[in-house]
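Report on the structure
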Amino acid sequence: MVLDGRIHLGSHGIAGEPGHIPVAMDGPRCDCGARGCLVCYAGPEAVLTAAGLGDALTRDGLESTLHRFATAASAADPAALAALDTAGRALGAGIVAITSLLDVDEIVLGGVLAQWYPHLYPAIDRELSQRRAIAPTIQLDITPALLGADAILLGAIEFARRAVLSDPATVPPVPGNAEAGLSQAN
Ligand SMILES: [Zn+2]
């Protein structure tokens, strides 16, 4: 979770796990042990299964089945669109929970959610419209991530680079490089 430009890990290192925000009290059991987590409705496996591709997922694997699902969604297959609508509703509920707690101004959808964004957004917006009735002036941007599968790696590099540039003296010398260690000590 990024707040005011800084990464927050939380007390137990599990801050920023929006996939496990509960969006349905009596929903299906999640791998985390709770019921009705967001990932049970908007995770790739959940969406593919809801679209009738559960057997294909087991047989052909995730990547191949995601490709088949994208083709079905582009062709307006009713089961694919219904699965995406359900995922969008669940995401809307999750985003309402996030904004209720943190009042952020932007939500970035990554991974397959970025690819599915055009199909997800209408249902997300419907859910958020109820929130807007409470706070009409709220300005919340829902955007697809632009960096694809490299996003996490690039974020980690940027995080490390910023730490080094903000205070180079905190960076320990490379182990085994005595000369560098001495010159730093001097
Ligand atoms: Zn969960």
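Residues numbered from 1 in each chain as written. Predicted model: local features only at pLDDT ≥ 70, side-chain atom pairs only at ≥ 80, totals over all residues. Heavy atoms only, no water.

1. What to know about the overall build of the protein chain
What the protein chain contains, in helices and strands, is 9 helices and 4 strands. Secondary structure elements in the protein chain, listed N-terminal to C-terminal, are β-β-α-α-α-α-α-β-α-α-β-α-α. Relative to the compact-globule value of 16 Å for 186 residues, the protein chain shows a C-alpha radius of gyration of 21 Å, a clear excess of over 25%. The principal-axis extent of the C-alpha atoms belonging to the protein chain is close to 70 × 45 × 30 Å. Counting the 186 residues in the protein chain, one finds 25% classified as buried. For the protein chain, contacts bridging at least 24 residues in sequence account for 49% of all contacts bridging at least 6. Accessible area for the protein chain stands at about 12100 Å²; split by element, carbon and sulfur atoms hold 59% of it. Across the protein chain, the centroid of the 11 positively charged side chains sits 6 Å from that of the 20 negatively charged ones. (Helix = DSSP H or I, 4+ residues; strand = E, 2+ residues; numbered from the N terminus. Rg over C-alpha atoms; globule rule 2.2 N^0.38 Å. Buried < 20%, exposed > 50% of the residue type's maximum accessible area, 1.4 Å probe, protein only. Contact = heavy atoms within 4.5 Å. Areas by Shrake-Rupley, 256 points an atom, 1.4 Å probe, with all protein chains shown as cover. Lys, Arg positive; Asp, Glu negative; His and termini not counted. Charge placed at Lys NZ, Arg CZ, Asp CG, Glu CD.)

2. Quick notes on the coordination of the zinc ion
When four donors bind a metal tetrahedrally, each ideal donor-metal-donor angle is 109.5 degrees, and when six bind octahedrally, the ideal angles are 90 or 180 degrees. Within the protein, the zinc ion binds to His20 (ND1), Cys30 (SG), Cys32 (SG) and Cys37 (SG); these donor distances fall in the range 2.0 to 2.4 Å. Here the zinc ion is ringed by 4 donor atoms whose angles at the metal span 104 to 118 degrees, and the overall shape comes out tetrahedral. Of note, the zinc ion draws all its donor residues from one chain, in the sequence arrangement H-x9-C-x1-C-x4-C. (Donors = N, O, S within 2.8 Å, 3.2 Å for Na, K, Ca; no water. Tetrahedral: all angles 85-135°; square planar, octahedral: opposite > 155°, others 65-115°.)

3. Some words on the packing of aromatic side chains
Counted by the stated rule, this structure contains 2 aromatic pairs. For the ring pair Phe69 and Trp116, a centre distance of 5.2 Å and an interplane angle of 65 degrees mean the geometry is edge-to-face. Placement of the pair is Phe69 in helix α4 (residues 62-74) and Trp116 in the loop between α6 (111-115) and α7 (117-134), with a sequence separation of 47 residues. Across the pair, Trp116 and Phe69 agree in class, each one buried. Note on Tyr117 and Tyr121: the rings are 5.7 Å apart at their centroids and 35 degrees apart in plane angle, and the pair reads as tilted. One end of the pair is Tyr117 and the other is Tyr121, both in helix α7 and 4 residues apart, which spans about a single turn. Take Tyr117: its relative accessible area is 18%, and that puts it in the buried class. A relative accessible area of 28% places Tyr121 in the partly exposed class. (Phe/Tyr/Trp six-rings, centres within 6.5 Å; stacked < 30°, edge-to-face > 60°.)

4. Looking at unusual backbone geometry
Leaving glycine out, the prevailing phi sign among residues is negative, and the prevailing peptide bond configuration is trans. Even without being a glycine, Ala76 presents a positive backbone phi close to 60 degrees. Here Ala76 is to be found in the loop between α4 and α5 (78-102). Residue Ala76 is classed as partly exposed on the basis of its relative accessible area of 45%.

5. Considering the pattern of salt bridges
Tallying each qualifying case throughout the model produces 5 salt bridges. A salt bridge links Asp60 to Arg59, with the shortest nitrogen-to-oxygen separation between them at 3.3 Å. Given a relative accessible area of 57%, Arg59 falls into the exposed group. Across the pair Glu158 and Arg161 runs a salt bridge whose closest N-O atoms are separated by 3.2 Å. Of this pair, Glu158 and Arg161 both sit in helix α8 (residues 151-166), 3 residues apart, which is roughly one turn of the helix. (Salt bridge = Lys/Arg side-chain N within 4 Å of Asp/Glu carboxyl O.)

6. Things to note about the confidence of the model for the protein chain
Caution applies to low-pLDDT parts of the model: their predicted coordinates are not meant to be read in detail. Counting all residues, the mean pLDDT for the protein chain is 88, and 92% of those residues have values of 70 or more. Mean pLDDT per element in the protein chain: helix α9 (residues 178-185) is the minimum at 52, and helix α1 (residues 39-42) is the maximum at 98. (pLDDT = per-residue confidence, 0-100.)

7. A word on the environment of Ser74
With respect to the element layout, Ser74 can be found in helix α4. Through-space distance from the C-alpha of Ser74 to that of His119 is 9.4 Å; in sequence the pair is 45 residues apart.

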